[in-house]
Amino acid sequence: MKFGTKAIHAGVHPDPTTGAIMTPIYQTSTYVQRSPGDHKGFEYSRTHNPTRTQLQDALAALDNGKHGLAFASGMAAIDCIVKLLQPGDEVISTNDLYGGSYRLFTKVYATYGIKFHFVPMHDMTAVEAAVTDKTKLIWVETPTNPLLNVIDIAAASAVAKKAGALLVVDNTFSTPYLQTPLELGADMVMYSLTKYMAGHSDTVMGAVVVNDDELHERLSFFQNACGGTPGPQDCFLVLRGLKTLHIRMQRHCENGRKVAEYLKAHPKVEKVFWPGFADHPNHDVAAKQMNDFGGMISFVLQGDRKEDAIAVLEKFQLFSLAESLGGVESLSGHPATMTHASIPAEARKAAGLSDSLIRLSVGIEDAEDLIEDLKQAIG
Ligand SMILES: *Cc1c(COP(=O)(O)O)cnc(C)c1O
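Please read these numbers as outputs of a predicted model, since none were measured by experiment. (Residues numbered from 1 in each chain as written. Predicted model: local features only at pLDDT ≥ 70, side-chain atom pairs only at ≥ 80, totals over all residues. Heavy atoms only, no water.)

Looking only at helices and strands, the chain has 14 helices and 12 strands in total. A burial count over the chain gives 56% of its 379 residues as buried. Each charge class in the chain can be summarised by its mean position, and for the 34 positive and 43 negative side chains these summaries are 2 Å apart. (Helix = DSSP H or I, 4+ residues; strand = E, 2+ residues; numbered from the N terminus. Buried < 20%, exposed > 50% of the residue type's maximum accessible area, 1.4 Å probe, protein only. Lys, Arg positive; Asp, Glu negative; His and termini not counted. Charge placed at Lys NZ, Arg CZ, Asp CG, Glu CD.)

See below:
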């Protein structure tokens with residue numbers, strides 16, 4: 001089945017009692033048993049809920065994976081994965097990681113005796129150099145946030161296999177429409193469903209998709225034991241969002257290209273970060289592992305002054321200044337003070353994240369209007 005057909009049909013079935021074509025919101029905490037232990041597969045909604053089951057099946061199908069697991073947020077999904085580790089284990093991750101992941105790793109799990117190495121992962125030799133006999137997890141996010149570096153998933157998988165470590169790909173920026181990491185050798189794909197997957201800026205949720213049965217069993221044990229599960233209404237919203245994922249992503253990519261090209265030609269713009277440009281340092285990897293280049297773009301103004309970037313952000317009319325990304329509406333952000341403020345200034349600088357960098361999540365409006373907005377804001 002092709003992607004668009006799966007986005008609409010995979011994992012979901014008409015409701016057996018009424019024939020309702022849309023998955024009902026099973027707003028219930030518990031399920032009546034005929035006799036002790038004699039039930040219909042549902043006992044308690046932290047463990048299983050029919051709305052969540054259909055979403056998990058749909059998520060697995062879109063990534064060509066076997067099992068999906070949904071969580072109350074992207075962070076709860078990441079938290080569940082890190083719980084696979086033991087004190088003394090080591091993790092290698094990228095040095096321009098999502099700020100919340102960096103915070104969870106360094107402020108929570110580092111205090112439990114897990115060691116994290118942050119390296120520029122678009123250079124695979126840096127990853128290989130960080131491997132030790134304690135490396136248990138390699139954490140890839142690609143394209144990275146907000147510098148849009150692209151990490152070679154197949155190459156990272158080869159390093160992970162050699163090290164005997166598990167490979168996770170945070171696929172939030174790409175979605176399975178643009179890349180399917182399990183098919184490139186990843187053991188787990190992780191999502192903040194809050195972003196492109198739900199797509200309408202109206203819910204916070206996360207997910208993990210895996211192929212391996214034993215890994216699924218361990219993760220679902222933590223999902224239930226720790227309890228970071230989503231409610232059925234949020235699962236419904238994500239299911240509804242997924243039905244248009246392919247159409248939305250197509251438009252995000254088209255608009256992304258137009259906006260990136262406009263910015264690149266603008267005399268007041270010094271640098272544009274977008275993996276679709278042929279001169280992007282990792283363009284070849286992006287072209288190999290992605291179906292298109294997405295709608296996330298970052299840029300720096302001539303002179304690289306923070307106050308100029310803030311003036312542009314204040315003038316935007318359509319690119320609303322807000323945290324988050326991946327919704328139908330265009331958003332703008334200032335990573336140094338917003339999404340990446342939890343990364344210390346020194347570490348931001350080392351990763352090349354300048355204080356004047358502006359990040360855009362290009363929405364699915366008409367591109368002409370978006371370009372008009374950029375024109376009036378940048379001048
Ligand atoms: C937003 C985001 C997360 C965290 O997800 P939440 O749903 O906000 O908890 C993780 N990774 C990336 C790349 C993100 O953009």
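As a further point, take the site of the ligand. Inspection of the region around the ligand gives 13 residues, with Met75, Asp170, Ser192, Thr194 and Lys195 positioned closest. At 2.7 Å from a nitrogen atom of the ligand is found a side-chain nitrogen or oxygen belonging to Asp170. Interatomic distance of 2.8 Å between a side-chain N/O atom of Ser192 and an oxygen atom of the ligand. Relative to its unbound accessible area of 380 Å², the ligand is 93% covered by the protein chains. In terms of residue class, the shell around the ligand is built from 5 nonpolar, 5 polar and 3 charged. (Near = heavy atom within 4 Å. Polar contact = N/O pair within 3.5 Å; in protein donor to acceptor, adjacent residues only side chain to side chain. Areas by Shrake-Rupley, 256 points an atom, 1.4 Å probe, with all protein chains shown as cover. Nonpolar A, V, L, I, M, F, W, Y, C, P; charged D, E, K, R; others polar.)

The strands that make up a sheet are held in pairs by hydrogen bonds between backbone atoms, and each pair lies either parallel or antiparallel. An order of S1-S7-S6-S5-S4-S2-S3 is seen for the 7 strands of this open sheet, with the pairing classed as mixed. Of all strands in the sheet, those bounded by a partner on one side alone are strand S1 (67-71) and strand S3 (115-119). The average angle at which neighbouring strand axes cross in this sheet is 20°, direction not considered. Note: S1 against strand S7 (residues 206-210), 5 bridges, orientation antiparallel. The partner of Leu69 across the bridge, within S7, is Val208. Across the face of the sheet, helix H4 (residues 99-108) comes into contact with strand S2 (90-94), S3 and strand S4 (135-141) while running at roughly 145° to S3. (Pairing = 2+ DSSP bridges. Axes fitted to C-alpha atoms, helices over the stretch in contact; angles between N-to-C directions. Contact = heavy atoms within 4.5 Å.)

As far as domains go, the chain holds domain 1 (3-242) and domain 2 (245-378). Each partner contributes to the interface: domain 1 provides 43 residues, whereas domain 2 provides 44 residues. Counting each side, the surface lost to burial between domain 1 and domain 2 is near 3400 Å², with a carbon and sulfur contribution of 62%. Summed over the shared surface of domain 1 and domain 2, the result is 1 salt bridge. Lys288 is the salt-bridge partner of Asp152, the closest N and O atoms lying 2.9 Å from each other. There are 16 residue pairs in polar contact (both at pLDDT 80 or more) connecting domain 1 and domain 2. Counting residues per element, the ones that place at least two in the side of domain 1 that touches domain 2 are helix H1 (3-9), H4, helix H6 (153-163), helix H7 (175-178) and helix H9 (232-242). When the residues that make up the side of domain 1 that touches domain 2 are grouped by side-chain class, the tally is 24 nonpolar, 15 polar and 4 charged. (Domains from an automatic or database assignment. Buried area = accessible area lost by both parts, 1.4 Å probe. Salt bridge = Lys/Arg side-chain N within 4 Å of Asp/Glu carboxyl O.)

What follows concerns the pattern of salt bridges. Using the criterion set out here, one finds 10 salt bridges in the structure. For the salt bridge of Asp213 with Lys66, the shortest nitrogen-to-oxygen distance reads 2.8 Å. One end of the pair, Asp213, is in helix H8 (residues 213-226); the other, Lys66, is in the loop between helix H2 (50-62) and S1, with 147 residues separating them in the sequence. Classification of Asp213 as partly exposed rests on a relative accessible area of 40%. When the shortest N-O distance is used, the salt bridge between Asp79 and Lys83 registers 2.5 Å. A relative accessible area of 25% places Lys83 in the partly exposed class.

Let us look at the packing of helix H10 (residues 245-265) against helix H14 (residues 367-378). Each pair of packed helices gets described by two things: the angle between the helix axes and the distance between those axes. Relative orientation of the contacting elements H10 and H14 amounts to 30°, with a least axis distance of 10 Å. As the angle between them shows, H10 and H14 are arranged roughly parallel. Crossing angle aside, the handedness with which H10 passes H14 is right-handed. Residues Asn255, Lys258, Val259, Tyr262 and Leu263 of H10 lie in contact with H14, whose contacting residues are Ala367, Leu370, Ile371, Leu374, Lys375 and Ile378. (Parallel < 35°, antiparallel > 145°, perpendicular 65-115°, else oblique. Left-handed = near helix turned anticlockwise from the far one by under 90°.)

Another point: the UniProt feature "modified residue: N6-(pyridoxal phosphate)lysine" (unreviewed entry) in the chain. If you check UniProt for "modified residue: N6-(pyridoxal phosphate)lysine" (unreviewed entry), the listed places come out as Lys195 in our numbering. You can see Lys195 is positioned in the loop between strand S6 (188-192) and S7. Among residues more than four places away in sequence, those in contact with Lys195 are Thr172, Ser324, Leu325 and Gly326. (UniProt positions renumbered as here; feature names shortened; annotations may be inferred.)

What follows deals with the sheet that holds strand S11 (residues 331-333). Reading across the sheet, the 5 strands line up as S8-S9-S12-S11-S10 and stay open at both edges, with mixed pairing between neighbours. Lying at the two open borders of the sheet, with one neighbouring strand each, are strand S8 (269-273) and strand S10 (320-321). Where S11 lies against strand S12 (residues 358-361), 3 bridges are found, and the strand directions are antiparallel. Counted as the bridge partner of Leu331 is Ser361 from S12.

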